[in-house]
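# Summary of structural features
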Amino acid sequence: MALSGVHITFGYSIADAGDRSSGSALPFNATGSQTMASAGTSTVTAPQAIPGQRPVLSISAAAPIFYAIGPTPDATNGPRRYFDPAAQGNREDIFVNAGDKFAWVAA
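Residues numbered from 1 in each chain as written. Predicted model: local features only at pLDDT ≥ 70, side-chain atom pairs only at ≥ 80, totals over all residues. Heavy atoms only, no water.

### Some thoughts on the overall build of the chain
Secondary structure assignment for the chain yields one helix and eight strands. Scanning the chain from its N terminus toward the C terminus, one meets helices and strands in the order β-β-β-β-β-β-α-β-β. In the chain, which comprises 107 residues, the proportion classed as buried is 36%. At a minimum sequence separation of 6, the contacts of the chain that also span at least 24 residues come to 72%. (Helix = DSSP H or I, 4+ residues; strand = E, 2+ residues; numbered from the N terminus. Buried < 20%, exposed > 50% of the residue type's maximum accessible area, 1.4 Å probe, protein only. Contact = heavy atoms within 4.5 Å.)

This is the structure we're talking about:
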């Protein structure tokens, strides 16, 4: 079944030097995920940072979107980012802060 809407996964990536990653950071150890069929704000949140690991968010979308990250994200009024899966690839991974949520609207 093809993805409809947006799928997100919060988890961790390895941080080799304190809380900074060095080199390529791959997401691992998923802590929460959600598929959002329509625009809105996630109910899952980013995990707490732990030594040697940093919270990360993986985003997959069926179509271009604007999205925002934060404790109370607003993808309509921003600040927001743009993600086009056709131009940027199947997934976008970004570092986030503990407790962050994800919000999106169609682009």
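Now that the structure is up, let's keep going.
### Brief notes about the side chain of S42
Take S42: it is sitting in the loop between β3 (40-41) and β4 (53-61). Overall, S42 belongs to the buried group, its relative accessible area being 2%. In terms of polar contacts, S42 uses its side chain to reach the backbone carbonyl oxygen of V44, at 2.9 Å. If sequence neighbours within four positions are ignored, S42 has contacts with I8, F10, Q34, M36, K101 and F102. (Polar contact = N/O pair within 3.5 Å; in protein donor to acceptor, adjacent residues only side chain to side chain.)

### Some remarks on the sheet that holds β4
Read across the sheet, four strands follow the order β2-β1-β4-β7 without closing on themselves; strand pairing throughout is antiparallel. Only two strands of the sheet have a single neighbouring strand rather than two, namely β2 (27-36) and β7 (92-95). Sheet twist, expressed as the mean angle between neighbouring strand axes with direction ignored, is 25 degrees. Pairing between strand β1 (residues 6-14) and β4: nine bridges, direction antiparallel. Along β4, the bridge assignment pairs S13 with R54. (Pairing = 2+ DSSP bridges. Axes fitted to C-alpha atoms, helices over the stretch in contact; angles between N-to-C directions.)

### Some thoughts on the pairing of β1
Across seven bridges, the pairing between β1 and β2 is antiparallel. When the sheet's bridge partners are listed, Y12 is paired in β2 with F28.

### Overview of the sheet that holds strand β6 (residues 81-83)
Spatial strand order, β3-β8-β5-β6: four strands in an open sheet with antiparallel pairing. A single partner strand is all that each edge strand has here, and the edge strands are β3 and β6. Two elements, strand β5 (residues 65-70) and strand β8 (residues 101-106), share six bridges in a ladder whose sense is antiparallel. Of the residues in β8, the one forming a bridge with G70 is K101.

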